[in-house]
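Chains, contacts and geometry: an overview
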Amino acid sequence: MGILQSLQDEMKTAMKARDQARLDALRMLVSAIKYALVDAPTLDEAGVVAVLAKEAKKRRESVEAYTAAGRTELADKEKYEVALIETYLPKMMSEVEVRTKVQALLQTYDLGVMNYGEVMKIAMKEVGGKADGGVVARIVKELLNNQ
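Notes on the structure in this doc start here. (Residues numbered from 1 in each chain as written. Predicted model: local features only at pLDDT ≥ 70, side-chain atom pairs only at ≥ 80, totals over all residues. Heavy atoms only, no water.)

1. A short note on the overall build of the protein
From N to C terminus, the protein includes 7 helices and 0 strands. Counting helices and strands in the order they occur from the N terminus, the protein gives α-α-α-α-α-α-α. What you see for the protein is a C-alpha radius of gyration of 18 Å, clearly larger than the 15 Å of a compact globule of 147 residues, by over 25%. Reported as C-alpha extents along the three principal axes, the dimensions of the protein are approximately 60 × 40 × 25 Å. Residues classed as buried in the protein amount to 33% of the 147 residues present. By sequence separation, contacts in the protein at least 24 residues apart represent 56% of the contacts at least 6 residues apart. Accessible area of the protein: about 9,300 Å², with a carbon and sulfur share of 55%. Side-chain charges of the protein comprise 22 positive and 22 negative groups, with the mean position of each set lying 3 Å from the other. (Helix = DSSP H or I, 4+ residues; strand = E, 2+ residues; numbered from the N terminus. Rg over C-alpha atoms; globule rule 2.2 N^0.38 Å. Buried < 20%, exposed > 50% of the residue type's maximum accessible area, 1.4 Å probe, protein only. Contact = heavy atoms within 4.5 Å. Areas by Shrake-Rupley, 256 points an atom, 1.4 Å probe, with all protein chains shown as cover. Lys, Arg positive; Asp, Glu negative; His and termini not counted. Charge placed at Lys NZ, Arg CZ, Asp CG, Glu CD.)

Quick look at the structure:
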């Protein structure tokens, strides 16, 4: 069963349970996936995971903005949605795992001809959707500056 199907099934369960917050969040996810399907009709599970990761990132940014503005009720709603989205995403790599992976990549490739962009391209291909791009970028910058 694909992610979209499981989201739709969970949506039905939320409707029957009259869990409006969960239902709204699930509808938003299904809508985002279906919107992506319009652009790429052959969207596979990896593409669906990418859409979910993008939606989670949007929510995390909203949490920061709402918290800074003192809107805790809206920040709590966004946190709930992030938690729900993360249940459908693959387990993310820890910062230590990302650092180990990037260090191994830097040892494999010649640093003399590699710049930040090239290292990021290789690192993001290597970690796939299993690590946050911001964490990878910070680690790559740190490691390149230390060498």
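More follows now that the structure is in view.
2. Let's talk about the nonpolar core
Counting residues in each nonpolar core, the largest one holds 23 residues, and the members touching the most others are Leu 7 and Leu 52. Residue assignment for this core shows that the elements contributing at least two residues are α1 (3-17), α2 (20-39), α3 (45-68) and α4 (72-86). Of all the elements, α2 adds the most residues to this core, at 9 residues. The contact partners of Leu 52, leaving out residues within four places of it in the chain, are Ile 3, Leu 29, Ile 33, Ile 85, Tyr 88 and Leu 89. Grouped together as the second largest cluster of nonpolar side chains are 15 residues, Leu 105, Leu 106, Val 127 and Leu 143 included. (Core = buried A, V, L, I, M, F, W, Y, C linked by side-chain atoms within 4.5 Å.)

3. Describing the pattern of salt bridges
Counted under the stated rule, the structure contains 12 salt bridges. Between Arg 71 and Glu 73 there is a salt bridge, and its shortest N-O distance comes to 2.9 Å. For the salt bridge of Glu 95 with Arg 138, the shortest nitrogen-to-oxygen distance reads 3.0 Å. With Glu 95 in helix α5 (residues 95-108) and Arg 138 in helix α7 (residues 133-146), this residue pair connects regions lying 43 residues apart in the sequence. (Salt bridge = Lys/Arg side-chain N within 4 Å of Asp/Glu carboxyl O.)

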